[in-house]
Amino acid sequence: HHHHHGSAATQNRHRPCRTLNFFFHDILYDGRNSDNATSAIVAAPAWGNRTVLAGRKHFGDVVIFDDPITLDGDLRSAPVGRAQGMYLYDRKEVFTAWLGFSFVFESGSITFSGSDPLMDRRRDISVIGGTGDFFMARGVATLMTDAIEGDVYFRLRVDVKLYECW
Amino acid sequence: HHHHHGSAATQNRHRPCRTLNFFFHDILYDGRNSDNATSAIVAAPAWGNRTVLAGRKHFGDVVIFDDPITLDGDLRSAPVGRAQGMYLYDRKEVFTAWLGFSFVFESGSITFSGSDPLMDRRRDISVIGGTGDFFMARGVATLMTDAIEGDVYFRLRVDVKLYECW
Amino acid sequence: HHHHHGSAATQNRHRPCRTLNFFFHDILYDGRNSDNATSAIVAAPAWGNRTVLAGRKHFGDVVIFDDPITLDGDLRSAPVGRAQGMYLYDRKEVFTAWLGFSFVFESGSITFSGSDPLMDRRRDISVIGGTGDFFMARGVATLMTDAIEGDVYFRLRVDVKLYECW
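Keep in mind the model is a prediction, meaning the values are calculated, not measured.

*Asks:* An account of the relation of the copies chain C and chain B is needed here, citing residue identities and associated values.
*Replies:* With an RMSD of 0.0 Å, the operation that places chain C on chain B is a rotation of 120° combined with a shift of 0.0 Å along the axis. What we have between these two chains is a three-fold relation. For chain C, the residue whose C-alpha comes nearest the rotation axis is alanine 43 of chain C, separated from it by 3.2 Å. When you check the interface residues of chain C against chain B, a mere 19% turn up at the interface there too, and the two sides of the contact use different surfaces.

*Asks:* Give a description of the side chain of arginine 155 of chain B that names residues and reports values.
*Replies:* All names here are of chain B. Within the element layout of this structure, arginine 155 appears in strand β9 (residues 153–164). A polar side-chain atom of arginine 155 sits 3.2 Å from the main-chain carbonyl oxygen of glycine 73. The contacts of arginine 155, once residues within four sequence positions are left out, are Phe23, Phe24, His25, Gly73, Met144, Thr145, Asp146 and Ala147.

*Asks:* Summarise the pattern of salt bridges; cite the residues concerned and give the values.
*Replies:* One pass over the structure, following the stated rule, counts 33 salt bridges over all chains. A salt bridge links aspartate 66 of chain B to arginine 91 of chain C; its shortest N-O distance comes to 3.9 Å. Of this pair, aspartate 66 of chain B sits in strand β3 (residues 62–70) while arginine 91 of chain C sits in the loop between β4 (81–89) and β5 (97–105), on two different chains. Classification of aspartate 66 of chain B by relative accessible area gives buried; the value is 4%. Relative accessible area serves as the criterion here: at 26%, arginine 91 of chain C is assigned to the partly exposed category. Where aspartate 159 of chain B meets arginine 157 of chain B, a salt bridge forms, and the shortest distance between an N and an O atom there is 3.0 Å. Judged by relative accessible area, aspartate 159 of chain B falls into the buried class, the value being 11%. Each of Arg138 and Glu164 of chain A, Arg138 and Glu164 of chain B together with Arg138 and Glu164 of chain C takes part in salt bridges that share partners, so that together they form one network.

*Asks:* So what about the relation of the copies chain C and chain A? Which residues, and what values?
*Replies:* The two copies are related by a screw operation: chain C maps onto chain A through 120° of rotation and 0.0 Å of translation along the axis, at an RMSD of 0.0 Å. The two copies present different faces, since only 20% of the interface residues in chain C are matched by interface residues at the equivalent positions in chain A.

*Asks:* Account for the state of the cysteines, naming residues and giving values.
*Replies:* Residue and element names in this part refer to chain A. Per the stated rule, a full pass over the model turns up 3 disulfides over all chains. Between the sulfur of cysteine 17 and that of cysteine 165 lies a disulfide, 2.0 Å long from S to S. Because the torsion about its S-S bond is 90°, the bridge between cysteine 17 and cysteine 165 counts as right-handed. Taken together, the residues cysteine 17 in the segment before β1 (18–27) and cysteine 165 in the segment after β9 (153–164) connect sequence positions 148 residues apart. The class of cysteine 165 is buried, set by a relative accessible area of 13%.

*Asks:* Account for the packing of aromatic side chains, naming residues and giving values.
*Replies:* By convention here, two paired aromatic rings are described through the distance between centres and the angle between planes. Here the structure, examined in full by the defined rule, presents 57 aromatic pairs over all chains. Grouped by ring-pair contacts, the aromatic residues Phe22, Phe24, Phe65, Tyr87, Tyr89, Phe101, Phe103, Phe105, Phe112, Phe134 and Phe154 of chain A constitute a single cluster.

*Asks:* How would you sum up the interface of chain C and chain B? Please name residues and give values.
*Replies:* Across the contact, 42 residues belong to chain C and 41 residues belong to chain B. Taking both partners together, chain C and chain B bury about 3200 Å²; carbon and sulfur atoms supply 57% of that area. Inspection of the region where chain C meets chain B yields 3 salt bridges. In this assembly, chain C and chain B are joined by 13 residue pairs in polar contact (both at pLDDT 80 or more). Put simply, the parts of the chain that give the side of chain C that touches chain B at least two residues each are β4, β6 (108–116), β7 (123–132), β8 (138–149) and β9 (153–164) of chain C. A per-element tally of the side of chain C that touches chain B places β7 of chain C first, with 4 residues. The class makeup of the residues in the side of chain C that touches chain B is 17 nonpolar, 15 polar and 10 charged.

Thresholds, definitions, all that
- Residues numbered from 1 in each chain as written.
- Chains lettered and ligands numbered in written order.
- Predicted model: local features only at pLDDT ≥ 70, side-chain atom pairs only at ≥ 80, totals over all residues.
- Heavy atoms only, no water.
- Least-squares fit on C-alpha atoms with pLDDT ≥ 70 in both.
- Contact = heavy atoms within 4.5 Å.
- Helix = DSSP H or I, 4+ residues; strand = E, 2+ residues; numbered from the N terminus.
- Polar contact = N/O pair within 3.5 Å; in protein donor to acceptor, adjacent residues only side chain to side chain.
- Salt bridge = Lys/Arg side-chain N within 4 Å of Asp/Glu carboxyl O.
- Buried < 20%, exposed > 50% of the residue type's maximum accessible area, 1.4 Å probe, protein only.
- Disulfide = S-S within 2.5 Å.
- Phe/Tyr/Trp six-rings, centres within 6.5 Å; stacked < 30°, edge-to-face > 60°.
- Buried area = accessible area lost by both parts, 1.4 Å probe.
- Nonpolar A, V, L, I, M, F, W, Y, C, P; charged D, E, K, R; others polar.

By themselves, these are just geometric observations and shouldn't be taken as functional.
As structure tokens, this is what we get:
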């Protein structure tokens, strides 16, 4: 039996059905910046703690975040949404993270998951679902580190490419 | 080249191919209820601990759960499955969570992920996969808080709508 | 309106479009093996700690891992990739886990999520996305525990079956 898509848009691996480009900004809690911080270490390995990122490439640190999303790379720009969820550092030899988070907008949300080898200039993670304007979305997002300031601030550029649009 | 679905059912954004309605019940460990508790705080920000939900809207608390699923809203009804996984609070200003969990039944499982702005009456998260009877499922689940009793008990109603059925 | 897949391969629930078979090896940090360990407890319930798995079937323990992937069951075989992410124990009565992790290869990644009732000989979790060679992958992975040595070492066999290939 063959059944076809009802309302799912054309799917083509060479041409996304929708692209979105954002920046988000992460300010990590360091014990002194509780008002400004947008993220916090909530779990750490036995050799770590919750105000300083752990040795061994932060292996084992889990960070929860609620980061502003902006259309350009300026932290002071008006946020258009929030990036919410967690990242965890999962390698001892090279800075590497694993992500589970959502972009939350007034009109809907997009959920992401996957490995982030963050020393690479460009790295892809999966778009695993969406709601509202992004109902049933699937795709790939390319992450690029746009700025780092010590252990407290980083800015990511995220190019979202949806290949399943409903 | 055009290739079509083999055994995937019709997909239509206006009509789910399958709907399921459940309730699940969360009893949080508070230091005294270890036999009855179905969930526990396992990580918290530096200003929190593991027996009391943290200040600032519980930001940074991570909770692991194994909650009974029932067909009606009665905690004493016979469970038809278990809701298992984690939720984490990820906003300082408004109660907001991020979810990664599965409904586990004898006949298969459904996995969910996404942001849960839990002060909204209805909020959608993504169904990102399934096994067994729910093989390859995708869809959206609408969460509704059906009851809250202090910090220790809440009950969620979950209306699952699958839009990809195999 | 009917729109069809552009470049997605045939989908058939009875025949995967791609199969992959791997083993991965987890060596848990126990306070003494920090050089060899590939994983660490980073969060635990109030009754647990980060060097010994907790009582009550490890309920509430969260483990972060970066485990070598091999083609056979020998830990000393040359790794072909890394299994990276987290598992968490989420049931008090029976050993049960919930997984969020990726297989990371030179050529791309596959992301997995779902419940793992690890006392069962075979259990299925969902493949929720992929990048690179596994662009937009979806499917099911069957986990089998191939070896356990106390609380410190286990080896999983993973049979990945993709049902959506692009």
